[in-house]
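# Descriptive structure summary
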Amino acid sequence: MFASRSLVLFLALLGSSVLFPFLIDSARASQELSVWRDQNLTAQQIAWLEQHPVLKLGVDRSFSPYEWIDESGHYTGMAADYIRLLEQRLGVEIVPLVDTGQSWSEVLKAAKGGAFHLMSCLVKTPEREDFLLFSDPYLSSAAVIISKQSQGYLGTLDILKGRTVAIHKGHFTSELVKRDYPSIDIVNTPSLQQALELVSNGRADAFVGDANAASLVMKKAGILNLAFSGHTDYQSDFRIGVYKEYTELAGIIATAMASISEAERNAIYQRWQGLELPDGVPLEKIVIGVVLGLALLAVFAYWNYRLRKSEAAQRLSQQRFKNLVETTDAMVWEADVETENFTYISENAVRILGYSVEEWLQPNFWHRNIHPEDRDRAVGYCRTQTSKLLDHEFEYRFVHADGQMLWIRDMVNLVVEDGRPVVMRGLMLDITEKKKAEMLILESEHRFRELIDSLPAIAVQGYDEQLQVTYWNDASERLYGFSQDEVFGKKLSELIIPTTMREDVIRAHRAWVDNGQAIPAAELELQHKDGSLVPVYSSHVLLGSEATGKEMYCIDISLIEQKKAHAELKHLAHFDPLTQLPNRRTFSDRLDQMMKRSGRDGGRIAVMMIDLDHFKEVNDTLGHAYGDLLLQDAAKRLAGCVRETDTVARLGGDEFLLLLDNVADIAAIERIAKNILRQMSEPYSLLDHRSYVTASIGITFYPDDANSEEVLLKNADQAMYAAKGKGRNRFHYFTPEMEVLAQTRRRTLEQLREAIQRQQLEVYYQPIIDLSCGGIRKAEALLRWNHPDGQISPLQFIPLAEETGLIVEIGNWVFTEVARQSEAWARTYQVELQVSVNTSPAQYLDDHCCKPEWFEDILAQGLDPARLCVEITEGLLMEPDQTILQKLLMFRDNGVEVSLDDFGTGYSSLAYLKQFDIDYLKIDKSFVSNLSPTSHDRVLCQAIIAMAHTLGIKVIAEGVETEQQQQLLRQIDCDFAQGYFYSRPLPADQFAATWLEPDSKV
């Protein structure tokens, strides 16, 4: 009895709601058809149905209990009953097409090609949504793990990693397991029964699939060595699928399904919950044995009677009895009451238990061969019943001759004379297979109990007709806080039902117990022991028997994590996870609302874009963890600078947005901006460090500057960069001139890209003079842009190229061109001239620059690397990236010298000069331009030169424009000089004619 209850409860437990078909009388439905259609469907929908009186239905031929084709070829099952309801409501004929393929995967393939109007029972997946429109779920179940009983309890799919799992081909879990557990080896079978048989035969480690369908197939097919051994997170929500081209039909189905009442669903549930299938336990053989045994007793009695008639009849009867007994598995025996030794045993005992007849007749044979654990109980029971002159039967284990244990049912009949037993006669039946089946059932029930108790988020409570608790699993204890000892015998309504719901729950319970009116599944908030409310999805099942009466089981699926995750996802969709400020999406929503309100009342809106100055240095030097702490602190400071009605949002990185509504006074905006600058510049305490950053703010107004969010943010961004350009730590209002500059910048960038393709870039050369002899030993390569409208200064386009990354392509071209030109000059003029090439930090950070193969390509002309020198800036030395050091050392390893440009204007230290192996220092022209015999600049230049020479570094002075400057530099031992005093930068041909021809200045 408990086994059948377990099946029903298990089916209810693993479904998210109790949904079963309900059949309506077809005659009454026909009469009410036109009324239902007229009241519930539109004229357009009714017309569509009239144009399509027959709808083609795709079904699974063997997916019991949901749907299948029975032996008579009829479409049946829970889903089938729903389809009949749809036929009656819609007034159409829905015809299952069963000739599109025997397997479910073939049916799905046909559905993808539009072979059906609709599909009756399938799970929604992304792949199926490509060709089907789905209704809301109307049947639910869960995917479970089934394995051999010998494997024990598996628990979850994690245990099956690296093992083989059988799944019915086309079942939705096949896609999900393949996605979530790629290491599991999935075997797809044409049918569910074949998948279970693979596990039963040991060719697969486990089965994953629908709990209800698998349970029924195991029962029907007699697969007895399998058991439920774990659960999955996959829920089967069965829906009706409509081919994507029939959008009108999808709406009709949705309306019709929504109209199915709880009474109809309840009646269908009653129809299917009593479904009985064979247990698969081979008891027929045992029953036949018992009947034959009883018949043998009768034959034995008849033989006894005939024995007294005649000797001839006796011999004939003995032979008949012997033949009859030998053909059965019932062993006939006779024994002495006093000694309990056998005096007769039928010869089939030799076949059944392996002992010879002579061994059976030995003293104490029966006692010796009863299993030691059963011996005292069996012998004691037999003696007690015999002393009471009672016929009796009992079961025990008996040792076979080969050592294995068999279960025996012993049926004893006493022969009594003068009020005392003299002879025992009986039948022994081998019931080993029956016992194994019973143990399998008990073990299955035990596993079922374990499964219920192990489901962490599904709480099951059982209670009787008086609402008193009779069952309470571990999940109920975790979910509601009450232990089993606290609840047994208590009324469920007084434990977890809130006061506001209590009367309704008691009334619904009585209606179900007395009238069969089911309690619908629903989301509820029940009560924890501490008084807090617990969100659950609650469904119910009612069981009953003559012994225990009616019992109700409440299945509560915890929604705590789901509700929490939903709230977290909602929060993440609108707020930045690091700072908890509104994100760009929320900012946009609020700005849109303010703009609409401004359109009605004429108010003004201010948008501020804030960027943290030097934030990158914090990330690069301390790490991103410290950077995150600084951003969180900055967010709090910003929030404290504005009203509660204003919005502070994080745009991304170190950029923030402020949205201020109803701005009437510009002075108020300036006060807020100044306060923000002051707050942002305060020191930040980051664990064991103190850091300092400032802020640059761009401000724009709606509707003064723009009428859309996109333009407002662009304006604020331009104003913010204008603030940075003026020295940072300040705010700047957007002006139309900024847009003009931005447009000019965009045009310049477009033209620069074209200049590379149109070969408008040209390398100029400026001589570098050796002050010891006055001759030319070096030159600097300088890039010029020959624009059609006139030459454009490098100060205009080089920063733009660096900012956009074009400098990498330009720099590689310049290096190649200089290498080519140097080699050409070497061949033509036989001079030792080293050419310096300016490089940008962006080049060293690029993955394709300064690689070994890069040097091979650049120097492919056979040029002596000593004729090249790369110039770097002091800012490059401050970069913490180790790849920069590696690439600079690569120049040295390839024989190319390195020069440090604009020395004295940055942050270089002696440690950097040593670490990066610098060959030349170039004194910035700002020190040279005011050089005089008594100037401080002369002292500074002399100190730089002395320091450099001490480190083995040569010095080049830039910006030399007078004879006096040249003489002073010679006096303080400067090595080289460069400037307009000698020559302006010249194109290659003019430079060669001026400085390299034999009659030139060299």
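Predicted model only: the values in this text are computed from it and were never measured.

### Observations regarding the overall build of the protein
Assigned secondary structure in the protein consists of 38 helices and 39 strands. Counting over 1002 residues, the protein shows a buried share of 49%. Considering only intrachain contacts with a sequence separation of at least 6, the fraction spanning at least 24 residues in the protein is 65%. For the protein, the exposed surface amounts to about 48,000 Å²; the carbon and sulfur share of it is 51%.

### Examining the packing of aromatic side chains
According to the stated counting rule, one finds 24 aromatic pairs in the structure shown. Measuring from centroid to centroid gives 6.2 Å for Phe365 and Phe398, while their planes differ by 55°, and the two rings are tilted. Taken together, the residues Phe365 in helix 15 (residues 365-369) and Phe398 in strand 15 (residues 392-399) connect sequence positions 33 residues apart. By the burial criterion, Phe365 is buried, and Phe398 matches it. A ring pair is formed by Trp366 and Tyr396, whose centres lie 6.1 Å apart and whose planes are at 75°; its orientation type is edge-to-face. Taken as a pair, Trp366 in helix 15 and Tyr396 in strand 15 lie far apart in primary sequence, 30 residues in all. Each member of the pair, Trp366 together with Tyr396, is buried.

### Here we look at the side chain of Gln965
Mapped onto the secondary structure, Gln965 falls in helix 37 (residues 963-971). Residue Gln965 is classed as buried on the basis of its relative accessible area, which comes to 5%. At 3.3 Å, the side chain of Gln965 and the backbone oxygen of Ser929 are in polar contact. For Gln965, the contacting residues outside a window of four places in its chain are Val928, Ser929, Leu931, Gly959 and Val960.

### Overview of helix 37
Buried residues of helix 37: Gln965, Gln966, Leu968 and Leu969, and no others. Down the axis of helix 37, the buried side of the element spans an arc of 165°, and every buried residue falls inside it. Where helix 37 is buried, its residues touch helix 35 (925-928), helix 36 (936-950) and strand 37 (954-957). Looking one or two residues beyond helix 37, the residue adopting positive phi is Asp973, at roughly 70°.

### Regarding the side chain of Asn583
Here Asn583 lies in the loop between helix 21 (560-574) and helix 22 (584-601). Judged by relative accessible area, which is 15%, Asn583 ranks as buried. One polar contact links the side chain of Asn583 to the main-chain amide nitrogen of Thr586, over a distance of 3.0 Å. Beyond its immediate sequence surroundings of up to four residues, Asn583 is in contact with Leu572, Ala573, His574, Phe575, Asp576, Ala649 and Arg650.

### Topic: the sheet that holds strand 3 (residues 67-69)
What links the strands of a sheet is backbone hydrogen bonding, and the strands pair in either a parallel or an antiparallel sense. Spatially, the three strands line up as an open sheet ordered 2-3-4, and their pairing is antiparallel. At either margin of the open sheet sits one strand with a lone partner, and together these are strand 2 (62-63) and strand 4 (75-76). Inspection of the sheet shows strand 3 paired to strand 4 by two bridges, in the antiparallel sense. Counted as the bridge partner of Ile69 is Tyr75 from strand 4.

### Thoughts on helix 24 (residues 624-639)
In this model helix 24 runs 22 Å from its N-terminal to its C-terminal C-alpha over 16 residues, within 8% of the 22 Å that 1.5 Å per residue would give. Buried within helix 24 are the following residues: Tyr626, Gly627, Leu630, Leu631, Ala634, Ala635, Arg637 and Leu638.

### Brief notes about the pattern of salt bridges
Under the definition given, this model contains 40 salt bridges. Across the pair Asp613 and Lys724 runs a salt bridge, and its minimum N-O distance is 2.6 Å. Of this pair, Asp613 sits in strand 23 (residues 605-613) while Lys724 sits in helix 26 (residues 709-725), and the two are 111 residues apart along the sequence. By the burial criterion, Asp613 is buried, and Lys724 matches it. With a shortest N-O distance of 3.3 Å, Asp633 and Arg637 are connected by a salt bridge. Taken as a pair, Asp633 and Arg637 lie in helix 24 at a separation of four residues, close to a single helical turn. Under the relative-accessibility criterion, Asp633 is labelled partly exposed at 23%.

### A short note on the nonpolar core
Leu86, Leu90, Ile146, Leu196 and Ile253 are the most contacted members of the largest nonpolar core, which totals 72 residues. In terms of residue count, the dominant contributor to this core is helix 4 (residues 78-90) (eight residues). Beyond its immediate chain neighbours, meaning those up to four positions away, Leu86 contacts Gly91, Ile94, Ile240, Ile253, Ala256 and Met257. By size, the runner-up hydrophobic cluster in this structure holds 71 residues, among which are Leu752, Trp785, Tyr982 and Leu996.

Cut-offs and rules
- Residues numbered from 1 in each chain as written.
- Predicted model: local features only at pLDDT ≥ 70, side-chain atom pairs only at ≥ 80, totals over all residues.
- Heavy atoms only, no water.
- Helix = DSSP H or I, 4+ residues; strand = E, 2+ residues; numbered from the N terminus.
- Buried < 20%, exposed > 50% of the residue type's maximum accessible area, 1.4 Å probe, protein only.
- Contact = heavy atoms within 4.5 Å.
- Areas by Shrake-Rupley, 256 points an atom, 1.4 Å probe, with all protein chains shown as cover.
- Phe/Tyr/Trp six-rings, centres within 6.5 Å; stacked < 30°, edge-to-face > 60°.
- Polar contact = N/O pair within 3.5 Å; in protein donor to acceptor, adjacent residues only side chain to side chain.
- Arc of directions from axis to C-beta.
- Pairing = 2+ DSSP bridges.
- Expected span 1.5 Å × (residues − 1).
- Salt bridge = Lys/Arg side-chain N within 4 Å of Asp/Glu carboxyl O.
- Core = buried A, V, L, I, M, F, W, Y, C linked by side-chain atoms within 4.5 Å.

These values are about where atoms sit, not about what they do.
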